[in-house]
Amino acid sequence: MVRHPDAPVTAPRRLVRWLSAPLPAPPERLRRGPLRPGSFPSGSRSARLTSQLGLALAVAFGICFGTGLLSHLIQHPPGWFWWPARPVGLYRVTQGLHVATGLASVPLLGAKLWSVFPRLFTWPPVRSIAHAAERAGIAVLVAASLFQLVSGVLNVAHWYAPMPFFFTSGHYWVAWLTVGALLVHVGVQLPVVRDALRRGVPELRPVRADRRRLLAGVGAAAGLITLTTIGQTVRPLSGLAVFAPRRPTTGPQGLPVNKTAVAAGVAATDGDAYRLTVIGPAGPVELDLAALNAMPQHTADLPITCVEGWSADGSWSGVRLADLVRLAGGDPHRATVLVESLERGGRYRTSTVAAPHTRDPSTLLALRLHGEPLHPDHGYPARLIAPNRPGVLQTKWVARITVREEA
Ligand code: HEM
């Protein structure tokens, strides 16, 4: 529709004009160093290269955000959230994918930042208020992306000193910032990306050769990082996992541990004095190790899947959680169970087991691993082990179980 020249200028149109009105350029004498024209002679950079790297990064960050958010929801389930007990290894796949995709994004982000680096020094630095806002958005995106990758790598490498904050919270909230800034960036750049990736756009042969070489190089770097780390999740590739932060077969009873009994302050637990308290509708029940061993014993082959992405298989034996719930007068089909550890403090000393896991026959209060009494670092005298569950929720050194019946 053609707008009549005398028609009054609407408020939104005035705002757009104001935002895109050209700002006065800074004095030319300030145009020094990398701001000078021709400071970045490299011909390998192109909108097509940047768009291809950008799309790959957007997909990778989308996978990271989705799998990360899932891990968060499993650990902090809102009322509407439901997480199944089967398939047994689903969380192993999602969190393994999270960390693998995150690690593979490192060369991708490096190449993307290299491809746009000269734009940092465009002249004039800001052309309009809208342009300034867009640049500020990109600064947030770059900072947040770097934070996610650096904090993630430091976390899986167990190097916490450079992070004077709780990794999970920082990583979680900056994830929202990253994805928000990414959506704005993609929205603003969409026309540029569409033009750059359109078929038949002429491209000089050497530039094309360079672009393909660089993409192949980035792909190879991401592939190599994946090949030399994914073995911490995918067993058949464990022999190649030379850079994996964790070796899935290294540790007491052939399984890694994150928190030892000493670190938890429970190393001196005396098996004879140990008592498990089960509180349910029928009142509290106290069981010692002999009583637990006298109950029907079951074995389940289940992975320990760490939030850090590594996972390892174990053959666990013990009492079904469902049987303990029944013993305390509860109905495992409707029961949510609070599991508390002997550990005095710590973020993960308790966990909640929802009904799908409570009634699952493979959810055990484990007393043995690979047929041997649990090593103290694996939770002796007794620990929770359930299918499809993050390691931080597989509570060790269990002291009390409280049954809460759902309506
Ligand atoms: C090198 C890259 C990355 C690594 C190694 C990594 C590692 C991790 C680890 C170990 C956790 C589990 C934290 C816990 O439960 O204690 C996690 C959670 C998470 N990650 Fe990443 N991550 C990376 C990149 C990303 C990126 C790029 C995003 C999003 C854009 C992201 C979003 C999340 C979210 C939302 C969580 C859930 C945090 C929570 O449970 O509260 N991660 N990540």
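All of the points below concern the structure found in this document. (Residues numbered from 1 in each chain as written. Predicted model: local features only at pLDDT ≥ 70, side-chain atom pairs only at ≥ 80, totals over all residues. Heavy atoms only, no water.)

**Focus: the environment of H98**
For the record, the criterion: Where helices and strands are cited, they refer to DSSP runs of H or I of at least four residues and of E of at least two residues respectively, numbered from the N terminus. Whether a residue is buried, partly exposed or exposed follows from its accessible area with a 1.4 Å probe, protein chains only, as a fraction of its type maximum: under 20%, in between, or over 50%, in that order. Throughout, a residue-residue contact means that at least one pair of heavy atoms, one from each residue, lies within 4.5 Å.
On the secondary structure map, H98 appears in helix α3 (residues 90-116). You can call H98 buried: its relative accessible area is 13%. The spacing of H98 and C64 is 34 residues in sequence and 5.0 Å in space, taken between C-alpha atoms. With residues near it in sequence (within four places) discarded, H98 still touches C64, T67, G68 and H171.

**With respect to the nonpolar core**
What counts is decided by this rule: Buried Ala, Val, Leu, Ile, Met, Phe, Trp, Tyr and Cys residues form a nonpolar core when they are joined through side-chain atoms within 4.5 Å.
By size, the foremost hydrophobic cluster in this structure holds 23 residues, and its most contacted members are L276, L292, L324, L365 and I401. If sequence neighbours within four positions are ignored, L292 has contacts with Y274, L276, L287, Q297, V319, L324, L365 and L367.

**Description of the coordination of the iron atom of the ligand**
Our working rule: For Na, K and Ca the donor cutoff is 3.2 Å, while for all other metals N, O and S atoms must lie within 2.8 Å; water is not among the atoms, so some sites may look incomplete. Every angle between 85 and 135 degrees makes a four-donor site tetrahedral, while opposite donors more than 155 degrees apart, with all other angles between 65 and 115, make a four-donor site square planar and a six-donor site octahedral; other sites are irregular.
Coordination of the iron atom of the ligand by the protein involves H98 (NE2) and H171 (NE2), with metal-donor separations of 2.0 to 2.1 Å. Coordination geometry of the iron atom of the ligand: the 6 donor atoms subtend angles of 85 to 180 degrees at the metal centre, consistent with an arrangement described as octahedral. One end of the pair, H98, is in helix α3; the other, H171, is in helix α5 (residues 167-197), and 73 residues separate them in sequence. With respect to class, H98 is no different from H171; both count as buried.

**Quick look at the packing of aromatic side chains**
Going by this rule: Aromatic pairing here means that ring centres of Phe, Tyr or Trp (its six-membered ring) are within 6.5 Å. Orientation follows from the plane angle: under 30 degrees is stacked, over 60 is edge-to-face, and everything else is tilted. Whether a charge lies above a ring is judged from NZ of Lys or CZ of Arg, which has to be within 6 Å of the ring centre and within 35 degrees of the ring normal.
For the coordinates displayed, the defined rule picks out 7 aromatic pairs. With centroids separated by 6.5 Å and ring planes inclined at 10 degrees, the aromatic side chains of F81 and W83 adopt a geometry described as stacked. Classification of F81 as buried rests on a relative accessible area of 16%. Here Y172 and W176 contribute two aromatic rings whose centre-to-centre distance is 6.3 Å and whose plane-to-plane angle is 80 degrees, an arrangement assigned as edge-to-face. Of this pair, Y172 and W176 are both found in helix α5, 4 residues apart, which corresponds to roughly one turn of the helix. Take Y172: its relative accessible area is 18%, and that puts it in the buried class. On the accessibility criterion, W176 (39% relative accessible area) is partly exposed. An aromatic cluster is present here, built from F65, Y172, W173 and W176 joined pairwise through their rings. Directly above the aromatic system of F166 lies the positively charged group of R347, at a separation of 3.5 Å from the ring centroid.

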